[in-house]
Amino acid sequence: MRVSIYSLKSVLYDDEAASVNCQTEAGEITILDRHAPLITVLKPGTIVITNSSKKDQYFNVSGGFLEVGTKNTAKLIVKEA
(Lines give C-alpha, C1' and ligand atoms only; values in the text may rest on other atoms or scores of the structure.)
Protein backbone atom coordinates (compact mmCIF):
# COMPACT_ATOMS: atom_id res chain seq x y z
CA MET A 1 0.00 0.00 0.00
CA ARG A 2 1.08 3.60 -0.47
CA VAL A 3 1.77 5.35 2.85
CA SER A 4 2.31 9.08 3.34
CA ILE A 5 3.13 10.83 6.63
CA TYR A 6 2.89 14.61 6.67
CA SER A 7 3.86 17.04 9.43
CA LEU A 8 3.39 20.79 9.41
CA LYS A 9 7.04 21.19 8.40
CA SER A 10 7.70 18.39 5.91
CA VAL A 11 6.82 15.06 4.34
CA LEU A 12 8.21 12.44 6.73
CA TYR A 13 7.46 9.37 4.61
CA ASP A 14 5.98 8.77 1.15
CA ASP A 15 6.54 5.26 -0.20
CA GLU A 16 5.17 1.74 -0.41
CA ALA A 17 4.81 -0.18 2.87
CA ALA A 18 3.77 -3.62 4.06
CA SER A 19 2.19 -2.35 7.31
CA VAL A 20 1.61 0.65 9.56
CA ASN A 21 1.29 0.28 13.33
CA CYS A 22 0.07 3.21 15.45
CA GLN A 23 -1.82 4.26 18.59
CA THR A 24 -5.37 5.56 18.09
CA GLU A 25 -8.11 6.74 20.41
CA ALA A 26 -9.58 3.21 20.17
CA GLY A 27 -6.24 1.48 20.88
CA GLU A 28 -3.27 0.16 18.94
CA ILE A 29 -3.98 -0.82 15.33
CA THR A 30 -2.03 -2.27 12.43
CA ILE A 31 -2.97 -1.32 8.88
CA LEU A 32 -2.18 -3.96 6.27
CA ASP A 33 -2.57 -4.11 2.49
CA ARG A 34 -6.19 -3.60 1.33
CA HIS A 35 -7.43 -2.45 4.76
CA ALA A 36 -11.01 -1.20 4.94
CA PRO A 37 -11.47 2.59 4.72
CA LEU A 38 -10.98 4.31 8.08
CA ILE A 39 -10.54 7.76 9.60
CA THR A 40 -9.29 7.99 13.19
CA VAL A 41 -7.47 10.22 15.66
CA LEU A 42 -3.87 9.32 16.56
CA LYS A 43 -2.66 9.39 20.15
CA PRO A 44 0.89 10.25 21.18
CA GLY A 45 3.27 7.39 20.52
CA THR A 46 5.47 5.79 17.88
CA ILE A 47 4.30 4.99 14.37
CA VAL A 48 6.08 1.93 12.99
CA ILE A 49 6.17 1.47 9.23
CA THR A 50 7.40 -1.84 7.85
CA ASN A 51 8.53 -1.42 4.26
CA SER A 52 8.43 -4.06 1.52
CA SER A 53 11.95 -5.22 2.51
CA LYS A 54 10.66 -5.93 6.06
CA LYS A 55 12.71 -3.08 7.58
CA ASP A 56 11.05 -0.90 10.20
CA GLN A 57 11.04 2.89 10.35
CA TYR A 58 9.95 4.73 13.50
CA PHE A 59 8.25 8.12 13.82
CA ASN A 60 7.52 9.65 17.24
CA VAL A 61 4.37 11.75 17.18
CA SER A 62 2.34 13.65 19.73
CA GLY A 63 -0.95 13.24 17.88
CA GLY A 64 -2.65 13.57 14.51
CA PHE A 65 -5.04 11.85 12.13
CA LEU A 66 -5.02 8.68 10.02
CA GLU A 67 -7.04 8.14 6.86
CA VAL A 68 -7.08 4.79 5.07
CA GLY A 69 -8.46 5.27 1.58
CA THR A 70 -10.28 3.02 -0.85
CA LYS A 71 -7.35 2.91 -3.30
CA ASN A 72 -4.97 1.05 -0.94
CA THR A 73 -3.53 4.23 0.57
CA ALA A 74 -2.88 5.41 4.11
CA LYS A 75 -2.31 9.10 4.89
CA LEU A 76 -1.21 10.33 8.29
CA ILE A 77 -1.14 13.98 9.30
CA VAL A 78 0.90 14.23 12.47
CA LYS A 79 2.34 16.57 15.01
CA GLU A 80 5.97 15.58 15.61
CA ALA A 81 6.96 14.78 19.18
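Look a little higher up for the structure.
Starting afresh in each chain, residues are numbered from 1 along the sequence in its written order. For a predicted model such as this one, the threshold for reporting local features is a pLDDT of at least 70, and the threshold for listing and counting side-chain atom pairs is 80 or more; totals across whole chains, interfaces and linings nevertheless cover every residue. Hydrogens and water molecules were not included; the side-chain quantities draw on all heavy atoms of the structure.

**Q** Please explain the pairing of strand 3 (residues 19–24) as it appears in this structure.
**A** The two faces of a sheet get side chains in turn, since along a regular strand they alternate between them. The buried count for strand 3 comes to five of six residues, which makes it a mostly enclosed element. When DSSP finds at least two bridges between two strands, those strands are taken to pair. Here a helix means four or more residues in a row that DSSP labels H or I, a strand means two or more in a row labelled E, and each is numbered from the N terminus. As defined by bridge partners, strand 3 adjoins strand 4 (residues 27–32) across six bridges and the pair is classed as antiparallel. Counterpart to Ser 19 in the pairing with strand 4 is Leu 32. Adjacent in sequence and paired antiparallel, strand 3 and strand 4 are bridged by two residues. For every residue, the accessible area (1.4 Å probe, protein chains only) is compared with the maximum for its type, and the residue is labelled buried under 20%, exposed over 50%, or partly exposed between those bounds.

**Q** So what exactly am I meant to see when it comes to the packing of aromatic side chains here?
**A** Here the aromatic set is Phe, Tyr and Trp, taking the six-membered ring for Trp, and pairing holds for ring centres within 6.5 Å; pairs whose planes are under 30 degrees apart are stacked, those over 60 apart are edge-to-face, and all others are tilted. Within this structure, the stated rule accounts for one aromatic pair. Where Tyr 13 meets Phe 59, the ring centres are 6.1 Å apart and the plane angle is 75 degrees; that geometry is what we call edge-to-face. Of this pair, Tyr 13 sits in strand 2 (residues 11–16) while Phe 59 sits in strand 7 (residues 56–68); the two residues are 46 residues apart in sequence, bridging distant segments of the chain. You'll find Tyr 13 and Phe 59 in the same group, each marked buried.

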